[in-house]
Amino acid sequence: LAETNQVVANCHKQPSSLFTRRLVDAGESAGALAGALEPWLAANPDLKVVVTVSPVRHWKDGPIENSLSKASLIVAAHDLVKRNPHRVHYFESYELVMDDLRDYRFYNEDMLHPSSVAVDYIFSKWRRSFLHPSSEKPLKTLAAVRAACSHRPLNP
């Protein structure tokens, strides 16, 4: 935020004149993430947190800046895990798309967002990493309900 020099995201689509756009380094990101997370961890000793870096490409500033930003976020996320090794875990969604899928077939037509096949692949890996096997049956039931809700009748 230009007025206070505070690091913020422009989630509310405020005028760009209110901001000074810059790449935040990994240390600054890690500090901000740790500061945001510490009250939650302190309030709930059993809380476990999963952090990840989005595989969505941000080409607005160009491919080099996108890569620098992703690299900085990965370093910050791993720093957060090091600070809280039993409570904060990293999930490799970015790496799965970049290294495991490695093909533009796994992107939508805009070539920025992962396709539904890629999203399903990432979610299946996440599920196996973080959910108890007993959650599989309720998840399948939920998927069936969601599919039924999205079904459009031929003759309403």
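Here's what I pulled together on the structure shown here. If you're wondering where the values come from, they're calculated on a predicted model, not measured in any experiment.

Turning to the side chain of Arg 57, a few remarks are in order. Along the chain, Arg 57 falls in the loop between strand S1 (49–52) and helix H2 (63–83). No salt bridge is formed by the buried Arg 57, whose closest oppositely charged neighbour, Asp 110, lies at an N-O distance of 8.5 Å. Residues contacting Arg 57, with those up to four places away along its chain left out, are Asn 66, Met 98, Tyr 104, Tyr 107, Met 111 and Leu 112.

On to the pattern of salt bridges. This structure, assessed with the given rule, holds five salt bridges. A salt bridge links Arg 105 to Asp 103, with the shortest nitrogen-to-oxygen separation between them at 3.1 Å. On the accessibility criterion, Arg 105 (62% relative accessible area) is exposed. The exposure class of Asp 103 is partly exposed, given its relative accessible area of 30%. Measuring nitrogen to oxygen at the nearest pair gives 3.0 Å for the salt bridge that ties Arg 127 to Glu 136.

The rules behind the values
Residues numbered from 1 in each chain as written. Predicted model: local features only at pLDDT ≥ 70, side-chain atom pairs only at ≥ 80, totals over all residues. Heavy atoms only, no water. Helix = DSSP H or I, 4+ residues; strand = E, 2+ residues; numbered from the N terminus. Buried < 20%, exposed > 50% of the residue type's maximum accessible area, 1.4 Å probe, protein only. Lys, Arg positive; Asp, Glu negative; His and termini not counted. Salt bridge = Lys/Arg side-chain N within 4 Å of Asp/Glu carboxyl O. Contact = heavy atoms within 4.5 Å.

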